[in-house]
Amino acid sequence: MKLLLMKTIRAVFLMLLTVSTIGLNAQSDPTGESAVTRTFAITNATVIQAPGKELKGATVVIKNGLIDAVGTNVTVPKNAQLIDGKDLFVYAAFIDGLSNTGAKRPENMPRPNNLFSPDPPNDYAGITPERSLVDQLDIESNTIGSLRKEGFAISHSVPFGRMLPGSGSIILLGDKKHADDLVLSKDVSMFTQFAGAPGAYPGNVLGIMAKFRNLYRNAENDKKHFDSYAQNPSGLERPERDRVTEAFFPVVTKQRPVIFDVSGVLEVQRAIRLQKDLGFKLMVGNVKQAWDLGQTFKENGTNVFLSLDLPDAPKEAKGKDKDEMTEEAKRLEARKMDFYKKYAGQAASLANTGVKFGFSSLDVTSNKIKANLLTMIENGLSENDALAALTTNPAGILGIDKIAGTVEAGKIANIMISNAPYFTKDSQIKFMFVDGDKYDFEIKEKSAAGNGNRAAAAGNDPVVGSWTYNFETPQGATTGKMIIGKEGTEYTGKLTSNDGGPDNDMQEVSYVNGTLSFSFSIDAGGQSVELVVTGTVTGKQYDAEVSVSAFNFSTPLTATKDDGQ
Amino acid sequence: MKKNILILTLILFTGFVANAQVKKGDVLIKNATVLTITKGTLENTDVLVRDGKISRIGKNLKAPNGVQEIDATGKFVMPGIIDAHSHIALSAVNEGTSQVTAEVNMGDVIDPFDVSIYRALAGGVTSTHALHGSANVIGGESETLKLRYGTTNPEEMKFEDAPRTIKFALGENPTRGGRSRGIQPSSRMGVEAMLRNSFNDAVAYRAKWDAYKADKNPRKVAPEYDLRMETLVDILDGKVLVHCHSYRADEIYMLMKVFTDFGIKKLTYQHANEAYKVASELAEFGAGASVFADWWAYKLEVYWSTAYNATILTRNGVLTSINSDSGELIRHLFHEAAKTQKYGDLSDDEALSLITLNPAKQLGIDNRVGSIEVGKDADIAIFEGHPLSVYAIPVMTFVDGVKYFDRATDIDDQRIYINPEETVENISIFNRHDEDRCMEEGVVSFEALFSNKK
């Protein structure tokens, strides 16, 4: 009896303790922002479980961050928050194959004093494969939210840098308290790009190809040395520690693939040439010119992430302009259109060749992603292949197909819900689930109302409108228009050039506390060079500095807002 | 080990397959004046090409079934022109950050989209020697190309199985680079020192690896691998032909002494404007020279020159060729060769050899190209008018029997890839050909030459 009493007291005590713990937890969120429940049920929805596999009137249950059940005959848990899925379309959230999502660009390393250009320190040369994306991850980065808004829940993200910036990791595009919480899979790839060191070796693609071979061959030798020392160190010369060569070990043992940022057809073939010489596992990302490479990809089994960026469609001349065109100009315009079609149609042609490619968001302005996907579909890509390229293909390539890529029980609850079939012009994303957490989006009234909002925003916004810029380059002054618009909360813009050069899209446009900054890329002899522009807006005047990290060079840019804006 | 051999065989086989995909043509050229270079000039003669090779040369040949016939009555057929010094078809020319870059390879940066390739074909050129620039004392390995314009695959531009070659440079270009970076070399003495130091390092490197390979200890530790040294060792072992940018007689002579000391034999001087001063020494060494017909005075070290250079070298028994080093000159190398008849009275065969057989020998590809002979590759140029005449017009150019240029069907826009965002008004015929030269910084002001502010 006494014993029983003791037991009861203890049980009550324990229960009290438990309750008070719950109480404490509740009090630790004074903001009240944490979700009431992590159990959700989307009922009576159209569920596209995987490309070509559609369920109508189905329920999806989400619990503890996982997809708990999917089907037409599913019991909804009592504690679930219900989402009426009538007229909603449920997809696996998208997976981005290569980007810098969530990464914060580190300060450029200043040129060391007395730099010996043939043999610079590794960090100045951009040879830092031992670094990890995780060290650059910033939970505050707005790239996470802006990619999530477009339907993505996962990014294969790589660090900023030069030739060998470090290893890429697979991250979840959620709002988390700590950078580590974003990481789904750490250090899954070694990121490489043809970006030379400013005024030091390796300075360009010639040196980079050679340096890569040299590092790789040495790592192969060093790995053997390390292994045999680990087996039995007695009487064996001690292997010297070297973070660069050690970072190559998982690559030479083919446990970790090398991912190249290679947009042009020649760069892609250079990456493949290195792979053929050395034998590592290869992924190519941010690929923009692949229409001649389908067979090569197929034969080599190369893993491919096509760029989600597309060139602007050539404008067809009309009326008087068309009448005044010479026959030669017409032929040249026709060729431009042919090549635009190649860019827009390459996803379709790769799919038809049987290449299971994914997509990369590296060079695309996020709010153009859907429009570009629809353009690819107009140019022959099937919706199933498009969805596969956004979900199942990258999941397979990145080795996460057991936990992501489809709407199936047991997978991580990464789900995109739209108010119409996604690959239609007017569809909008209403909810995103990332790692089981729900994100709501406002459905905007389409067309006329949207334009009206934009115009109103333009009227009030100090940067939206047309500017005339003047930019000093070593070749002389360049002038043109800087046209900035705003869609929702995001700025977009382009730079036109008065000397007849092509328009450049302004990337990562931000305007905070009077500081307008953006970046754009120019083609410098076959190499894409990124220019970063930052400066202050005072009334109608913009005073900025353009810096080119690839050349360790900066120059002023000024702009004046055009009248009548 | 067996597995490695298997993999190696597979790799070689894949390489072979890739090469085998290169287009080969069949054609019968009828009734031409054939300038064979090696076997005289043959009037009213036919040349039959089968599967990319010259299969018969003779009179009244019949075209086999399905083989296209070209009437070349009144026209001249010559071997395709070979340019031993070119920087067209390359995405990058110099890795100028270091003064010894034997590890870099122009085969990595071939640009098959360069329209200069088509312009060269339109001048009867079928092969170029795509060299590293002259910023470095020891530049990178070069790549011998066949001008198969239209391919998007850089590998298909390569002259299969051509010997490896490498670019060296003496004089003002490498010293200017050294001085501007505050590193060696800043004088001609420094250039020689760098060469000797590099080869001494290579000798030591080779010894280290030889010792490692001879070591029977199963737990042996490999020495550090160094691609730069690997290439230098291959030069010492005679596996790589050296092509050296040079102008002055003293530096030309210096390199022969260095090479004699290290036992390196395969050497061709590029530019070599003062080679005529050391012609007999070159002949004795067995070095070749690849020169301009009459181009000089673009910087101080190139002042003491003569248009008789090629003739003097030829008459002294030096293997000589005439090159372009330019996307413009490459279009009329036949004119450049003809200048040696004005300045030196070379025979037709001697003059044409300067742009065909001789550069082929300097590149080690004379078993395949450089003359019209049965069994050689069908790399052929057809001219209206004798190619050494000022009225010569190239009308067709074949590589491996495939026609890549035909004046009759020449279209305006030869670009392979188009940027859909570019403005049409911007198109011009001028291709900034000065950028195709390794001496792009060659012209400096008189003041700058004597200034200490470098």
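Residues numbered from 1 in each chain as written. Chains lettered and ligands numbered in written order. Predicted model: local features only at pLDDT ≥ 70, side-chain atom pairs only at ≥ 80, totals over all residues. Heavy atoms only, no water.

1. Section: the packing of aromatic side chains
Residue and element names in this part refer to chain B. Using the following cut-off: Only rings of Phe, Tyr and Trp enter the pairing, Trp through its six-membered ring, and a pair is recorded when the two centres are within 6.5 Å. The plane angle decides the type: under 30 degrees is stacked, over 60 is edge-to-face, the rest tilted. In DSSP terms, a helix is any run of H or I states spanning at least four residues, a strand is any run of E spanning at least two, and both are numbered starting from the N terminus. The classification of residues rests on relative accessible area computed with a 1.4 Å probe and restricted to protein chains. Under 20% of the type maximum is buried, over 50% is exposed, and intermediate values are partly exposed.
For the coordinates displayed, the defined rule picks out 36 aromatic pairs over all chains. Summarising the aromatic geometry, the rings of Y247 and Y298 are spaced 6.1 Å apart at their centres and angled 70° between planes, so their arrangement reads as edge-to-face. One end of the pair, Y247, is in the loop between β10 (240–246) and α6 (249–262); the other, Y298, is in the loop between β12 (288–291) and α8 (309–315), and 51 residues separate them in sequence. Grouping residues by exposure puts Y247 and Y298 together as buried.

2. Section: the interface of chain B and chain A
Heads up, the rule is: Residue contacts follow a heavy-atom distance rule, with two residues in contact if any of their heavy atoms lie within 4.5 Å. Here the quantity called buried area is the total loss of accessible area, with a 1.4 Å probe, experienced by two parts when brought into contact, counted for both. The term salt bridge refers to a side-chain nitrogen of Lys or Arg lying within 4 Å of a carboxyl oxygen of Asp or Glu. Any pair of N or O atoms that falls within 3.5 Å is considered a polar contact. Within protein, one atom must be able to donate a hydrogen and the other to accept it, and sequence-neighbouring residues count only if both atoms are side-chain atoms. Residue polarity follows a fixed list, in which Ala, Val, Leu, Ile, Met, Phe, Trp, Tyr, Cys and Pro are nonpolar, Asp, Glu, Lys and Arg are charged, and the others, Gly among them, are polar.
Each side of the interface is counted separately: chain B has 52 residues, and chain A has 53 residues. Both sides of the chain B and chain A interface together cover about 4200 Å² of buried area, and 54% of this is carbon and sulfur. Among the salt bridges present, the one from D108(B) reaches R213(A), with a minimum N-O distance of 2.8 Å. If you look at where chain B meets chain A, you find 24 residue pairs in polar contact (both at pLDDT 80 or more). Of the residues that constitute the side of chain B that touches chain A, the class distribution is 23 nonpolar, 13 polar and 16 charged.

3. Some thoughts on the UniProt feature "domain: Amidohydrolase-related" (unreviewed entry) in chain A
Applicable threshold: UniProt positions are given in the numbering used here, feature names are shortened, and annotations may be inferred rather than shown by experiment.
The positions that UniProt labels "domain: Amidohydrolase-related" (unreviewed entry) are, in the present scheme, residues 352–436 of chain A. Across residues 352–436 of chain A one finds 31% helix and 15% strand; the C-alpha atoms that close the span lie 35 Å apart.

4. Some remarks on the sheet that holds strand β8 (residues 166–172) of chain A
All names here are of chain A. For the record, the criterion: Should DSSP find at least two bridges between two strands, the strands are regarded as paired. Helix axes are fitted only over the stretch in contact, all axes being lines through C-alpha atoms; the angle between N-to-C directions runs from 0 to 180 degrees.
One open sheet accounts for eight strands, arranged β6-β7-β8-β9-β10-β11-β12-β13; its pairing is mixed. Each end of this open sheet is capped by a strand with a single partner; those strands are β6 (94–99) and β13 (358–360). Each neighbouring strand pair of the sheet contributes to a mean axis angle of 30°, computed without reference to strand direction. Two strands pair when backbone bridges link them, and strand β10 (residues 258–261) and strand β11 (residues 282–287) are joined in this way by four bridges, in the parallel orientation. When the bridges of β11 are listed, I259 appears paired with M283. In this fold helix α8 (residues 265–278) packs onto β10 and β11, with an angle of close to 170° to the strand it touches most, β11. Lying over the sheet, helix α13 (residues 383–390) contacts β6, β7 (152–157) and β13, oriented at roughly 60° with respect to β13.

5. Notes on the pairing of β10(A)
All names here are of chain A. To keep it simple, the criterion reads: A clockwise path from the first strand over the helix to the second, with the strands pointing away from the viewer, defines a right-handed crossover.
Residues of β10 alternate between two faces, with V258 and F260 on one and I259 and D261 on the opposite face, all of them buried. As judged from the four bridges shared by strand β9 (residues 183–193) and β10, these two strands associate in the parallel manner. Of the residues in β10, the one forming a bridge with F191 is I259. In the classification by handedness, the crossover that spans β10, the intervening α8 and the parallel β11 is right-handed.

6. Structural notes on the domain arrangement of chain B
Residues and elements named next belong to chain B. Threshold: Where each domain begins and ends is defined by an automated method or by a domain database.
Domain boundaries in chain B define domain 1 (19–80 + 370–415), domain 2 (81–364) and domain 3 (417–454). Between domain 1 and domain 2, the C-alpha centre-to-centre distance is 29 Å. At the junction of the two partners, domain 1 supplies 33 residues and domain 2 supplies 31 residues. Here domain 1 and domain 2 share an interface that buries about 2600 Å² over both sides, 64% of which is from carbon and sulfur atoms. Interface area lost by domain 1 to domain 2 is led by I37, L388 and Y404, which between them contribute 26%. Linking domain 1 with domain 2 are four salt bridges. A salt bridge links K146 to D377, with the shortest nitrogen-to-oxygen separation between them at 2.6 Å. For the side of domain 1 that touches domain 2, the elements supplying multiple residues, two or more each, are β5 (75–79), β14 (380–384), β15 (393–399) and β16 (402–406). Of all the elements, β15 adds the most residues to the side of domain 1 that touches domain 2, at four residues. Of the residues belonging to the side of domain 1 that touches domain 2, the class tally is 17 nonpolar, 10 polar and six charged.

7. Re the packing of helix α6 (residues 205–231) of chain A against α8(A)
All names here are of chain A. For the record, the criterion: By the definition adopted for this analysis, an angle is roughly parallel if under 35 degrees, roughly antiparallel if over 145, roughly perpendicular if from 65 to 115, and oblique otherwise. By definition, turning the near helix anticlockwise from the far helix through less than a right angle yields a left-handed crossing, and turning it clockwise yields a right-handed one.
With their axes 11 Å apart at the nearest point, α6 and α8 run at an angle of 25° to one another. In terms of their interaxial angle, α6 and α8 are classed as roughly parallel. By crossing handedness, the relation of α6 to α8 is classed as right-handed. Of the residues in α8, those in contact with V205, M209, F212, R213, Y216, R217 and E220 of α6 are R270, R273, L274, D277 and L278. Among the residues making up the contact of α6 with α8, the classes are represented as six nonpolar, no polar and six charged.

8. Let's talk about the pattern of salt bridges
Overall, the coordinates contain 58 salt bridges over all chains when judged by the stated rule. Of the charged contacts in the structure, one is a salt bridge between K186(A) and D187(A), with a shortest N-O distance of 3.0 Å. Between K223(A) and D227(A) there is a salt bridge whose closest N-O contact spans 2.8 Å. A residue pair is termed a helical-turn pair when its members lie 3 or 4 positions apart in one helix, as K223(A) and D227(A) do in helix α6 at four residues. When its relative accessible area of 39% is taken as the criterion, D227(A) is described as partly exposed. The structure contains a network of salt bridges with shared partners spanning K53(B), K146(B), R148(B), E160(B), R368(B), D377(B), D379(B) and D400(B).

9. Digging into the environment of T365(A)
Checked against the element boundaries, T365(A) lands in the loop between β13 and α12 (369–378). The residues contacting T365(A), other than those within four sequence positions of it, are T492(A), M506(A) and Q507(A).

10. Notes on the UniProt feature "domain: Amidohydrolase-related" (unreviewed entry) in chain B
In the numbering used here, UniProt assigns the "domain: Amidohydrolase-related" (unreviewed entry) feature to residues 314–391 of chain B. For residues 314–391 of chain B, the end-to-end C-alpha separation is 25 Å, with 32% helix and 10% strand making up the annotated structure.

11. Here we look at the side chain of Q362(B)
Residues and elements named next belong to chain B. Topologically, Q362 is positioned in helix α11 (residues 357–363). A polar contact of 3.0 Å, which involves the side chain of Q362, links it to the backbone oxygen of L319. Ignoring sequence-local partners within four residues, the contact set of Q362 consists of A84, L241, H243, T268, G288, A289, S290, L319, T320 and S321.

12. Section: helix α4 (residues 188–214) of chain B
Residue and element names in this part refer to chain B. To keep things clear, this is the line we draw: To estimate the expected span of a helix, subtract one from its residue number and multiply by 1.5 Å.
An ideal rise of 1.5 Å per residue puts 39 Å on 27 residues; α4 measures up with 39 Å between its terminal C-alpha atoms. Listing the buried residues of α4 in full gives G190, V191, M194, L195, S198, F199, A202, Y205 and W209. Two or three places before M189, at the start of α4, stands the capping residue S187, its side-chain oxygen 3.2 Å from that residue's backbone nitrogen.

13. Comments concerning unusual backbone geometry
Of note, the amide linkage connecting Y201(A) to P202(A) takes the cis form, showing an omega dihedral of -5°. The residue P202(A) is located in the loop between β9 and α6 in this model. Here the bond from Q184(B) into P185(B) is cis, since omega is 0°, no more than 30 degrees from zero. Structurally, the position occupied by P185(B) is in the loop between α3 (172–181) and α4. The backbone of N114(A) shows a phi angle near 50°, a positive value even though the residue is not glycine. Structurally, N114(A) is set in the loop between β6 and α2 (122–125). When its relative accessible area of 78% is taken as the criterion, N114(A) is described as exposed. Positive phi is not limited to glycine here, since D400(B) has a value of about 50°. Here D400(B) is to be found in the loop between β15 and β16. We classify D400(B) as buried; its relative accessible area is 2%.

14. Some words on the sheet that holds strand β8 (residues 138–146) of chain B
All names here are of chain B. Taken together, the eight strands give an open sheet; going across it, the order is β6-β7-β8-β9-β10-β11-β12-β13, and neighbouring strands pair in mixed fashion. Both outer strands of the open sheet, β6 (81–86) and β13 (320–322), are each paired with one neighbouring strand and no more. Sheet twist, expressed as the mean angle between neighbouring strand axes with direction ignored, is 25°. The strands touched by helix α5 (residues 227–236) are β8, β9 (164–169) and β10; relative to β9, the strand with the most contacts, the crossing angle is about 100°.

15. As for the packing of α6(A) against helix α7 (residues 243–252) of chain A
Residue and element names in this part refer to chain A. Here α6 crosses α7 at 85°, and the two axes come no closer than 8 Å. Regarding the angle of α6 to α7, the classification is roughly perpendicular. Contacts between α6 and α7 involve F212, L215, Y216, N218, A219, E220, D222, K223 and F226 on the former and, on the latter, V244, T245, E246, F248, F249, V251 and V252. Considering only residue class, the contact of α6 with α7 consists of 10 nonpolar, two polar and four charged.

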